[in-house]
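# Fold and geometry: a report
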Amino acid sequence: MTASSLFGNYARSNLEFDHGEGVWLVTSDGRRFLDCGSGIAVNALGHCHPHLVSALKAQTERLWHVSNLHTIPEQEGLGRRLTEATFADKVLFTNSGAEAMEAAIKAARRYHYDRGEADRFHIVTFEGAFHGRTIATIAAGGQEKYLEGFGPKAPGFDQVPADDLDALRAVIGPQTAAIAIEPIQGEGGVREIPTEFLRQLRRLCDEQGLLLIFDEIQSGVGRTGKLFAHEWSGISPDIMAIAKGIGGGFPVGACLATDAVAAGMVPGTHGTTFGGNPLAMAVGNAVLDVVLAEGFLEEVQSKGRSLKQKLAAVVDSHPNIFSGVRGHGLMLGIKCVVPAGDVVGVAREAGLLAVPAGDNVVRILPPLVISDDEMDEAVARLDATATAMEQKLELEGAAE
Ligand SMILES: *Cc1c(COP(=O)(O)O)cnc(C)c1O
């Protein structure tokens, strides 16, 4: 094999997929894998969903790119649908999640700047957070392993433990602009932030004139059975970053905000060359056609309940491998006793794709269109994975 011409920044498997069909990925030699990773919560409607394929195909023959120097009706259309379906009044489109978070951070800082408080630029974030890999978003995420070697951490990010109101109150000062949180931490290990804590954050922000930023890049677009996960808590943010699922596999992100916040982003303050181009908007609109269709989200809720129950049964019958199941809707995590990375590797051999996360958790993030039979198949393959790992443990035990 010749050496790869690519940067070595990813620990890739050696699987090469040729095509996808719904929840299945197929290699060029015909091996079929049940995709419970969805390209890390991206393929919300599975692979090659016919409605997405036809929307993208139609757009490729009409118009690809014009730049944000011009009015883009497809952007206006998707923006309107997102604002009608959420707390937000305005939308800024981006190409990725990190860029959506960058826009959220800039909008929050600019809001206070416009009120004569230029020093109020600190954002409070939470341990276990993940907000992206740019210089600002690694500072926001605060994880040493992502910060190391990239120069001084960008200033203006203060981190406290999740669900610790006293620590949060202690860190808030005259310099604090906003609080940013994932309603369910994804990379951090499918850790749900308690509803009551989210409500307290809203109250605290209102009391102190802070902005509340939700990072719903992973938890949004139907993943938990609501369009956005924070809807379960009954409160809303001032700013929200989304990406992943909204493009169904096409790179799209967005920063959503209230009028008061968006008002600061006047011409010249921010921009992106590709963000919101007609191709991306065509696919985003097609994703919403499906996700907002009558009954779709309710179905995600019931699938999520059923899958969580079945996973709990697998967990219970393999206490040497697993210790619990967590998460909401089809954003589920299995806490492991053995290294989560090993579980993901053995599951792959059993034809099941899943994604490791922090806190020694395996993420189960199937396409939202997964059928009952396919969920049963995923559960059976996970059970086979655990059995294979137990046999390996026994062999190792006998060898000692
Ligand atoms: C994936 C993710 C990001 C980063 O998105 P990119 O598209 O990789 O830049 C940020 N926040 C959360 C919660 C994510 O899951």
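The shown structure was predicted, so the numbers you read here are calculated from the model rather than taken from an experiment. (Residues numbered from 1 in each chain as written. Predicted model: local features only at pLDDT ≥ 70, side-chain atom pairs only at ≥ 80, totals over all residues. Heavy atoms only, no water.)

Within the chain, the regular secondary structure consists of 13 helices and 17 strands. What you see for the chain is a C-alpha radius of gyration of 21 Å, in line with the 21 Å of a compact globule of 400 residues. Taking the principal axes of the C-alpha coordinates as reference, the chain spans close to 70 × 55 × 50 Å. Looking at the chain as a whole, 53% of its 400 residues are labelled buried. For the chain, the exposed surface amounts to about 18,000 Å²; the carbon and sulfur share of it is 52%. (Helix = DSSP H or I, 4+ residues; strand = E, 2+ residues; numbered from the N terminus. Rg over C-alpha atoms; globule rule 2.2 N^0.38 Å. Buried < 20%, exposed > 50% of the residue type's maximum accessible area, 1.4 Å probe, protein only. Areas by Shrake-Rupley, 256 points an atom, 1.4 Å probe, with all protein chains shown as cover.)

Attention shifts here to the side chain of aspartate 238. Residue position: aspartate 238 is located in the loop between β10 (211–215) and β11 (239–242). Judged by relative accessible area, which is 13%, aspartate 238 ranks as buried. Among the polar contacts listed, one links the side chain of aspartate 238 to the side chain of arginine 202, at a separation of 3.1 Å. Those residues in contact with aspartate 238 that sit more than four places away from it in its chain are Phe87, Arg202, Leu210, Leu211, Leu212, Leu256, Ala257, Thr258 and Val261. (Polar contact = N/O pair within 3.5 Å; in protein donor to acceptor, adjacent residues only side chain to side chain. Contact = heavy atoms within 4.5 Å.)

We now examine unusual backbone geometry. In this structure, valine 190 takes a positive phi of about 50 degrees despite not being glycine. By the secondary structure assignment, valine 190 is in the loop between β8 (184–185) and β9 (191–192). Valine 190 gets classed as buried once you look at its relative accessible area, which sits at 0%. The phi torsion at lysine 244 lies on the positive side, around 30 degrees, for a residue other than glycine.

Taking strand neighbours across the sheet as the criterion, the four strands line up as β1-β2-β3-β15 in an open arrangement whose pairing is mixed. Every interior strand has two partners, whereas the edge strands, β1 (17–21) and β15 (352–353), have only one. In this sheet, strand β2 (residues 24–27) lies alongside β1 in antiparallel orientation, the contact comprising four bridges. Of the residues in β2, the one forming a bridge with histidine 19 is valine 26. Against the sheet, helix α13 (residues 372–399) contacts β2, β3 (32–35) and β15, and its axis sits at roughly 105 degrees relative to β3. (Pairing = 2+ DSSP bridges. Axes fitted to C-alpha atoms, helices over the stretch in contact; angles between N-to-C directions.)

Attention now goes to the site of the ligand. All residues adjacent to the ligand are Ser96, Gly97, Ala98, Phe130, His131, Gly132, Glu182, Asp215, Ile217, Gln218 and Lys244. Between phenylalanine 130 and the ligand, the recorded distance is 3.2 Å, taken from a backbone N or O atom to a nitrogen atom. Residue composition of the shell around the ligand, grouped by class: three nonpolar, five polar and three charged. (Near = heavy atom within 4 Å. Nonpolar A, V, L, I, M, F, W, Y, C, P; charged D, E, K, R; others polar.)

So, about the sheet that holds strand β14 (residues 331–336). A sheet is described by the order of its strands in space; here four strands give the open sequence β13-β14-β17-β16, paired in antiparallel fashion. Either end of the sheet is taken by a strand with one partner, and the two such strands are β13 (322–328) and β16 (355–357). Going across the sheet, the axis of each strand differs from the next one's by a mean of 30 degrees, ignoring polarity. With four bridges connecting them, β14 and strand β17 (residues 361–364) associate as antiparallel partners. By the bridge assignment for β17, leucine 332 is matched with isoleucine 364. Of the strands in this sheet, β13, β14, β16 and β17 are in contact with helix α12 (residues 340–349), which crosses β17 at around 45 degrees.

Another aspect to go through is the environment of isoleucine 235. Within the element layout of this structure, isoleucine 235 appears in the loop between β10 and β11. For isoleucine 235, a relative accessible area of 14% corresponds to the buried category. Sequence separation of isoleucine 235 and histidine 70 is 165 residues, and the distance between their C-alpha atoms is 35 Å. Ignoring sequence-local partners within four residues, the contact set of isoleucine 235 consists of Leu198, Arg199, Arg202, Leu212, Phe214 and His230.

Taken as a whole and assessed by the stated rule, the structure comprises three aromatic pairs. Plain terms: the ring middles of phenylalanine 126 and phenylalanine 197 are 5.8 Å apart, the flat faces sit at 85 degrees to each other, and that makes the pair edge-to-face. Of this pair, phenylalanine 126 sits in strand β5 (residues 122–126) while phenylalanine 197 sits in helix α8 (residues 195–208), and the two are 71 residues apart along the sequence. The buried category is assigned to phenylalanine 197, whose relative accessible area is 2%. When the centroid spacing of 5.7 Å and the interplanar angle of 75 degrees are considered together, the rings of phenylalanine 130 and tyrosine 146 count as edge-to-face. (Phe/Tyr/Trp six-rings, centres within 6.5 Å; stacked < 30°, edge-to-face > 60°.)

One side chain can pair with another of opposite charge once the charged atoms of both are near each other. One pass over the structure, following the stated rule, counts 16 salt bridges. The closest approach of N and O atoms between aspartate 376 and lysine 310, which form a salt bridge, is 2.7 Å. Taken together, the residues span a long stretch of sequence, with aspartate 376 in helix α13 and lysine 310 in helix α11 (residues 296–317) at a distance of 66 residues. For aspartate 376, a relative accessible area of 37% corresponds to the partly exposed category. Among the salt bridges present, the one from arginine 381 reaches glutamate 377, with a minimum N-O distance of 2.8 Å. Taken together, the residues span about one helical turn, with arginine 381 and glutamate 377 both in helix α13 at a distance of four residues. Within the structure, one salt-bridge network assembled from shared partners comprises Glu196, Arg199 and Arg203. (Salt bridge = Lys/Arg side-chain N within 4 Å of Asp/Glu carboxyl O.)

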